[in-house]
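Listed below, chain by chain, are the residues.
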Amino acid sequence: IHSDKTNQPMTPLHQTVEAMHKRGDTFVSGLGSLLMLADPEDRQRLIAAFPDRIARYEAIAVLEETKRMLEGSLFMHPELSPDMPASLNQFILN
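Residues numbered from 1 in each chain as written. Predicted model: local features only at pLDDT ≥ 70, side-chain atom pairs only at ≥ 80, totals over all residues. Heavy atoms only, no water.

Side note on the overall build of the protein
What counts, and what does not: What counts as a helix is a DSSP run of H or I of at least four residues, what counts as a strand is a run of E of at least two, and both are numbered from the N terminus. Exposure is judged per residue with a 1.4 Å probe applied to protein chains only, and the accessible area is read against the type maximum: over 50% gives exposed, under 20% gives buried, and values in between give partly exposed. What makes two residues a contact is simply this: any of their non-hydrogen atoms within 4.5 Å. Note on areas: Shrake-Rupley with a 1.4 Å probe; residue coverage comes only from the protein chains shown.
Each helix and strand in the protein was counted, giving 5 helices and 0 strands. Sequence-ordered secondary structure for the protein, helices as α and strands as β, is α-α-α-α-α. When burial is assessed residue by residue, the protein has 24% of its 94 residues classed as buried. When contacts within the protein are restricted to residue pairs at least 6 apart in sequence, long-range pairs at least 24 apart make up 46% of them. Within the structure as shown, the protein displays about 6,700 Å² of accessible surface, and the carbon and sulfur contribution to it stands at 60%.

Printed below as a string of structure tokens:
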């Protein structure tokens, strides 16, 4: 996965923040922005203060990356349900 503005690969933090902006409410989106702006010490403070929210969006970012990989794959196992990623998505978002 690559950043929209550069051809550089996105880091897990960037993927998490992208999920926070895309799927989170105003607070979560703002928290994502703060994570990107913070220096390493303040970033760790934010992670310590909101571990459950950040972990949720880390999981969503992993799921979205997995979905992209599956959708881009030329081979999918015949027993995989085509709506499996949507089912997983619903599980994490609820």
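Okay, back to it.
Observations regarding the packing of helix α2 (residues 26–37) against helix α3 (residues 40–49)
Put simply, the rule reads: Axis angles are defined between N-to-C directions and span 0 to 180 degrees, where every axis is a line fitted to C-alpha atoms and, for a helix, only to the segment in contact. Orientation labels follow simple angle bins: below 35 degrees gives roughly parallel, above 145 gives roughly antiparallel, 65 to 115 gives roughly perpendicular, and whatever is left gives oblique. Ten residue types, Ala, Val, Leu, Ile, Met, Phe, Trp, Tyr, Cys and Pro, are classed as nonpolar, four, Asp, Glu, Lys and Arg, as charged, and the remainder, Gly among them, as polar.
It is the contact of α2 with α3, at a shortest axis distance of 8 Å, that shows an interaxial angle of 150 degrees. Put simply, α2 runs roughly antiparallel to α3. Contacts between α2 and α3 involve Leu31, Leu34, Leu35 and Met36 from the first element and Arg43, Leu46 and Ile47 from the second. Each residue belonging to the contact of α2 with α3 can be placed in one class, and the counts come to 6 nonpolar, no polar and 1 charged.

Here we look at the nonpolar core
Heads up, the rule is: Residue types Ala, Val, Leu, Ile, Met, Phe, Trp, Tyr and Cys, when buried and joined through side-chain atoms within 4.5 Å, form a set referred to as a nonpolar core.
In terms of nonpolar packing, the biggest core is built from 12 residues, these being Val17, Ala19, Met20, Val28, Leu31, Leu35, Ala38, Leu46, Ile54, Tyr57, Ile60 and Ala61. Elements with a minimum of two residues in this core: α1 (12–23), α2 and α4 (51–72). By residue number, the principal contributor to this core is α4, which donates 4 residues. Apart from residues lying up to four places away in sequence, Leu31 is in contact with Met20, Leu46, Phe50 and Ile54.

A word on α2
The criterion, for reference: A helix is expected to span 1.5 Å for every residue after the first. Working note: the arc is built from the helix axis to C-beta atom directions. Pairing of N or O atoms within 3.5 Å defines a polar contact, subject to two protein rules: one partner must be a possible hydrogen donor and the other a possible acceptor, and residues neighboring in sequence count only if both atoms are side-chain atoms.
In this model α2 runs 17 Å from its N-terminal to its C-terminal C-alpha over 12 residues, within 8% of the 16 Å that 1.5 Å per residue would give. Inspection of α2 places Val28, Leu31, Gly32 and Leu35 among the buried residues, and these make up the whole buried set. Relative to the axis of α2, the buried residues are bounded by an arc of 100 degrees and lie together on one face. Across α2 from its buried face, at more than 90 degrees, point the exposed residues Thr26 and Leu37. Buried residues along α2 sit in contact with α1, α3 and α4. At the N-terminal boundary of α2, the capping side chain belongs to Asp25, with an oxygen 3.2 Å from the backbone nitrogen of Phe27.

Re the packing of aromatic side chains
Formally: Classification of ring pairs uses Phe, Tyr and Trp, with its six-membered ring standing for Trp, and accepts pairs whose centres are within 6.5 Å; under 30 degrees between planes counts as stacked, over 60 as edge-to-face, and the remaining range as tilted.
If you walk through the whole model with that rule in mind, you get 1 aromatic pair. Centroid distance Phe27 to Phe50: 5.4 Å. Interplanar angle 65 degrees. Geometry classified as edge-to-face. With a gap of 23 residues between them, Phe27 in helix α2 and Phe50 in the loop between α3 and α4 connect regions that are remote in the sequence.

Concerning the packing of α1 against α2
Put simply, the rule is: Crossings are sorted by hand: turned counterclockwise from the far helix by less than a right angle, the near helix makes the crossing left-handed, and turned clockwise it makes it right-handed.
The geometry of α1 relative to α2 is characterised by a closest axis approach of 8 Å and an angle of 155 degrees between their N-to-C directions. By the criterion of interaxial angle, the relationship of α1 to α2 is roughly antiparallel. Between α1 and α2 lies a crossing of left-handed hand. Together, Leu13, His14, Val17, Met20 and His21 of α1 and Val28, Ser29, Leu31, Gly32, Ser33, Leu35 and Met36 of α2 make up the contact between the two elements. In the contact of α1 with α2, the residues fall into 7 nonpolar, 5 polar and no charged.

Spatial relationships are all this shows, so hold off on functional conclusions.
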